[in-house]
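Chain residues, written in single-letter form:
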Protein chains: 2
Amino acid sequence: MANYCKFEKALEIFTGKWKPVILLRLFANGTMRFGELQKAIPDITQKMLTQQLRELVHNDIVHREVYPEVPPKVEYSITEYGKGMANVLQVLNDWGESHMAHMDDLYGEGRKEEGAPAQRPS
Amino acid sequence: MANYCKFEKALEIFTGKWKPVILLRLFANGTMRFGELQKAIPDITQKMLTQQLRELVHNDIVHREVYPEVPPKVEYSITEYGKGMANVLQVLNDWGESHMAHMDDLYGEGRKEEGAPAQRPS
DNA sequence: CTGAATCCATATGGATACTG
DNA sequence: CAGTATCCATATGGATTCAG
């Protein structure tokens, strides 16, 4: 098996249009209901939210707790194992931040993208 | 502006079907000609190789050196700036490796696809 | 409330042919 | 040799509807 498939496996976890947001929300808020996630991420569709959550659950990053009530209630949270990827997220986040600054340096902030006001590192 | 866009920007760099392989090759070999890369990555098409390289060049990760000769000769290498992402690659690679082991633990090496929600109905 | 199932638009990647 | 251009298959994501 090729070496780079490790990268690809790793990348599959946060890749996709919504996984980063979902992970960020869950890391920040601890435990959230399905509806809360949906409210917190207004642009996501129910299909995508379900689908991405399922993949995260399958990868043991997210825990899914179903309460057999009426009306139904489902809570999602980061698993203990999932918490171990916090540093990966951090590294990615930090590098992404500095890389955006680098791109601004190279191409200027003006015409690069709309809605991206100066993002100063903290 | 949402925080997660930093992730997304970072992920765009290594995401796509071929960027990880290309980066790995260039990091390993230093400088490579177009044809060498193509030989080193047999399954890639020239369109994809060109396209992905262009994106990496645009992101200042890869340097493109054109020799005005006949026949043409173009060499690619990691830029100084690009070398700064080596640790990110390393972190990703390490986590990916351990994550694969974790998945094997959970699902067994032989029957990985069993409960996989993946993105495909039965 | 949560989420499965469809249908559809677009994005991404691949095959092939052509060029300086 | 390195790269474009074109056409095509499939993958991904979105809108909508239905159901426990």
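Scroll up to find the structure.
Residues numbered from 1 in each chain as written. Chains lettered and ligands numbered in written order. Predicted model: local features only at pLDDT ≥ 70, side-chain atom pairs only at ≥ 80, totals over all residues. Heavy atoms only, no water.

Quick notes on the interface of chain B and chain A
Listed by partner, the interface residues are 45 residues for chain B and 47 residues for chain A. Roughly 4,300 Å² of surface becomes buried between chain B and chain A when both sides are summed, with 74% attributable to carbon and sulfur atoms. Taken as a group, B:Lys6, B:Phe7 and B:Trp95 account for 17% of the area that chain B buries against chain A, more than any other trio of residues on that side. In this structure, the connection of chain B to chain A is made through zero salt bridges. Seen at the junction of chain B and chain A, the total is eight residue pairs in polar contact (both at pLDDT 80 or more). At the level of secondary structure, the elements contributing two or more residues to the side of chain B that touches chain A comprise helix H1 (5-14), helix H2 (19-29) and helix H6 (86-107) of chain B. A per-element tally of the side of chain B that touches chain A places H6(B) first, with 15 residues. (Contact = heavy atoms within 4.5 Å. Buried area = accessible area lost by both parts, 1.4 Å probe. Salt bridge = Lys/Arg side-chain N within 4 Å of Asp/Glu carboxyl O. Polar contact = N/O pair within 3.5 Å; in protein donor to acceptor, adjacent residues only side chain to side chain. Helix = DSSP H or I, 4+ residues; strand = E, 2+ residues; numbered from the N terminus.)

Concerning the protein's contact with DNA strand D
In the neighbourhood of DNA strand D, 20 residues make up the surrounding shell, with A:Lys47, B:Phe34, B:Gly35, B:Arg54 and B:Arg64 lying closest. Among the atoms of DNA strand D close to the protein, meaning within 4 Å, 69% are from sugar or phosphate groups. A:Lys17 is positioned with one of its side-chain polar atoms (N or O) 3.0 Å from a phosphate oxygen of DNA strand D. Between DNA strand D and B:Arg54, the relevant distance is 2.6 Å, taken from a phosphate oxygen to a side-chain nitrogen or oxygen of the residue. Breaking the surface near DNA strand D down by element, the ones donating at least two residues are helix H4 (46-58) of chain A together with helix H3 (34-40), helix H4 (46-58) and strand S3 (73-78) of chain B. No other element matches the four residues that H4(B) contributes to the surface near DNA strand D. Partitioning the surface near DNA strand D into residue classes produces eight nonpolar, six polar and six charged. (Near = heavy atom within 4 Å. Nonpolar A, V, L, I, M, F, W, Y, C, P; charged D, E, K, R; others polar.)

Focus on the protein's contact with DNA strand C
Every one of the 21 residues lining DNA strand C counts as a neighbour, but A:Gly35, A:Gln46, A:Arg54, A:Arg64 and B:Lys47 are closest to it. A distance of 2.7 Å separates a base nitrogen of DNA strand C from a polar atom in the side chain of A:Gln46. Separating a phosphate oxygen of DNA strand C from a side-chain N or O atom of A:Arg54 is a distance of 2.7 Å. Among the elements of the structure, helix H3 (34-40), H4 and strand S3 (73-78) of chain A together with H4 of chain B are those that each provide at least two residues to the surface near DNA strand C. Its residues assigned to classes, the surface near DNA strand C shows eight nonpolar, seven polar and six charged.

Observations regarding the relation of the copies chain B and chain A
Note on the chain copies: they are related by a rotation about an axis and a translation along it. Structural alignment of chain B on chain A gives an RMSD of 0.1 Å, achieved by rotating through 180° and translating 0.0 Å along the axis. Look at the turn and shift together and you get a two-fold axis relating the two. In this assembly, 96% of the residues forming the interface of chain B have copies in chain A that are likewise at the interface, indicating an isologous arrangement. (Least-squares fit on C-alpha atoms with pLDDT ≥ 70 in both.)

A look at the sheet that holds strand S1 (residues 31-33) of chain B
Residue and element names in this part refer to chain B. An order of S1-S3-S2 is seen for the three strands of this open sheet, with the pairing classed as antiparallel. Only two strands of the sheet have a single partner each, and these edge strands are S1 and strand S2 (62-67). Recorded for the sheet is a direction-independent mean angle of 25° between the axes of neighbouring strands. Alignment of S2 against S3, held across six bridges, turns out to be antiparallel. Opposite His 63, over in S3, you have Ser 77 as the bridge partner. Set on the sheet, H2 makes contact with S1, S2 and S3; between it and S3 the angle comes to about 90°. (Pairing = 2+ DSSP bridges. Axes fitted to C-alpha atoms, helices over the stretch in contact; angles between N-to-C directions.)

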